[in-house]
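# Structure assessment
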Amino acid sequence: MLSHNLRNLRKQSGLSQEELATRLHVVRQTVSKWEKGLSVPDAEMLIRIAEELDTSVNILLGGPIETNSNHEGSPEWKAIADKLEVLNEQFARRCQRQRKIGRTVFILLGVAAALFLVYQLADCIYYRFAMDALREEGAAIGGHDGPTQIYVSAVLSQEGRTIGALVMVALSAVGIYLTRRK
């Protein structure tokens, strides 16, 4: 409701987001977030916005004007406080939901990267045992004139995949840390 009213009142006043932001001493992105419903201005800022748009805070929040009284104990102030509380609760729930989704994605990414690392480690261990077995048995690839001692290996490509998986685990850990509950 606030976001829709703010956008409409700003356009009716003939102001761009940049112009309104300049008048309120905030950055344009802040006005954009208010209009998209991604954040909510505090009570003081709501009063300043209403003054700049030549309206009341109550109209800005979507309600009818109850009185012209300007003191804090008035019904208008209580209605504004109630509406702000509802908006802040909605915003907090949305932020919490986004944080949970982000954390889940990072956890799943970290688990997948960790499983891949375990697979790579097992593959590397198997390769080392196989190479040791080849050396012990004296097996080698060769022709009629003797062994050539050529060993075929995929270790270099495994190292690249392992480094990539380590990077993914590190990024997941950073993401999990950044999305923790504060």
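Refer to the preceding data block for the structure.
Residues numbered from 1 in each chain as written. Predicted model: local features only at pLDDT ≥ 70, side-chain atom pairs only at ≥ 80, totals over all residues. Heavy atoms only, no water.

## What about the overall build of the protein?
Formally: Each helix is a run of DSSP H or I of at least 4 residues and each strand a run of E of at least 2, with the numbering of both proceeding from the N terminus. Only protein chains enter the area calculation, which uses a 1.4 Å probe; residues under 20% of their type maximum are buried, those over 50% are exposed, and those in between are partly exposed. Here a residue-residue contact requires only that any non-hydrogen atoms of the pair lie within 4.5 Å.
Along its length, the protein carries seven helices and two strands. Listing every helix and strand of the protein by position from the N terminus yields α-α-α-α-α-α-β-β-α. Looking at the protein as a whole, 26% of its 182 residues qualify as buried. Looking at the protein alone, contacts between residues at least 24 apart form 58% of all its contacts between residues at least 6 apart.

## Considering helix 1 (residues 2-12)
Short version of the rule: To obtain the arc, one takes the directions from the helix axis to the C-beta atoms.
Of the residues making up helix 1, those classed as buried are Leu 2, Ser 3, Asn 5, Leu 6, Leu 9 and Arg 10. All buried residues of helix 1 lie within an arc of 165 degrees about the axis, which places them on one face of the element. Within helix 1, the exposed residues directed more than 90 degrees away from the buried face are Lys 11 and Gln 12. The first or second residue beyond helix 1 is Gly 14, which carries a positive phi of 75 degrees.

## Some thoughts on the nonpolar core
What counts is decided by this rule: Only buried residues count toward a nonpolar core. Its members are Ala, Val, Leu, Ile, Met, Phe, Trp, Tyr and Cys residues joined through side-chain atoms within 4.5 Å.
Within the largest apolar cluster, 20 residues are counted, with the highest numbers of intra-cluster contacts made by Ile 49, Leu 53 and Leu 60. If one sorts the elements of this core by residue count, helix 4 (residues 43-52) sits on top with four residues. The contact partners of Leu 60, leaving out residues within four places of it in the chain, are Met 1, Leu 2, Asn 5, Leu 6, Leu 9, Leu 46, Ile 49, Ala 50 and Leu 53.

## Regarding the environment of Leu 109
Tracing the backbone shows Leu 109 in helix 6 (residues 75-137). Separated by 63 residues in the primary sequence, Leu 109 and Ser 172 have C-alpha atoms spaced 6.3 Å apart. Discounting chain neighbours no more than four positions away, the residues touching Leu 109 are Met 168 and Ser 172.

## Section: the packing of helix 2 (residues 17-24) against helix 3 (residues 28-36)
In plain terms, the rule: Each axis is a line fitted through C-alpha atoms, taken for helices only over the stretch in contact, and angles between the N-to-C directions span 0 to 180 degrees. Roughly parallel refers to an angle under 35 degrees, roughly antiparallel to one over 145, roughly perpendicular to one between 65 and 115, and oblique to any angle outside these ranges. In this scheme the crossing of two helices becomes right-handed for a clockwise turn of the near helix relative to the far one and left-handed for an anticlockwise turn of less than a right angle. Only Asp, Glu, Lys and Arg are considered charged, only Ala, Val, Leu, Ile, Met, Phe, Trp, Tyr, Cys and Pro nonpolar, and every remaining residue, Gly among them, polar.
Closest axis-to-axis distance for the helix 2/helix 3 pair is 8 Å, and the angle between their directions is 110 degrees. The angle between helix 2 and helix 3 places the two elements in the roughly perpendicular class. Here helix 2 and helix 3 pass one another in a crossing that is right-handed. On helix 3, the residues touching Gln 17, Glu 18, Leu 20, Ala 21 and Leu 24 of helix 2 are Arg 28, Val 31, Ser 32, Trp 34 and Glu 35. Looking at the contact of helix 2 with helix 3 residue by residue, the class counts come to five nonpolar, two polar and three charged.

## Description of the packing of helix 1 against helix 3
At a minimum axis distance of 6 Å, the contact between helix 1 and helix 3 shows a crossing angle of 125 degrees. One way to sum up the angle between helix 1 and helix 3 is to call them oblique. Listed contacts from helix 3 to Ser 3, Leu 6, Arg 7 and Arg 10 of helix 1 are Trp 34, Glu 35 and Lys 36. For the contact of helix 1 with helix 3, the class distribution of residues is two nonpolar, one polar and four charged.

## Some points on a nonpolar patch on the surface
As a reminder of what qualifies: Patches were defined on residues exceeding 30% relative accessible area and lacking a salt bridge, with like-charge contacts within 9 Å and nonpolar side-chain contacts (Val, Leu, Ile, Met, Phe, Trp, Tyr) within 5 Å. Only the protein chains shown count as covering a residue, and every accessible area follows the Shrake-Rupley method with a 1.4 Å probe. Any Lys or Arg side-chain nitrogen located within 4 Å of an Asp or Glu carboxyl oxygen qualifies as a salt bridge.
Where nonpolar side chains cluster on the molecular surface, the patch consists of Ile 163, Val 167, Met 168 and Leu 171 and spans about 350 Å² of accessible area. Here Val 167 is to be found in helix 7 (residues 155-178). The exposure class assigned to Val 167 is partly exposed, which follows from its relative accessible area of 43%.

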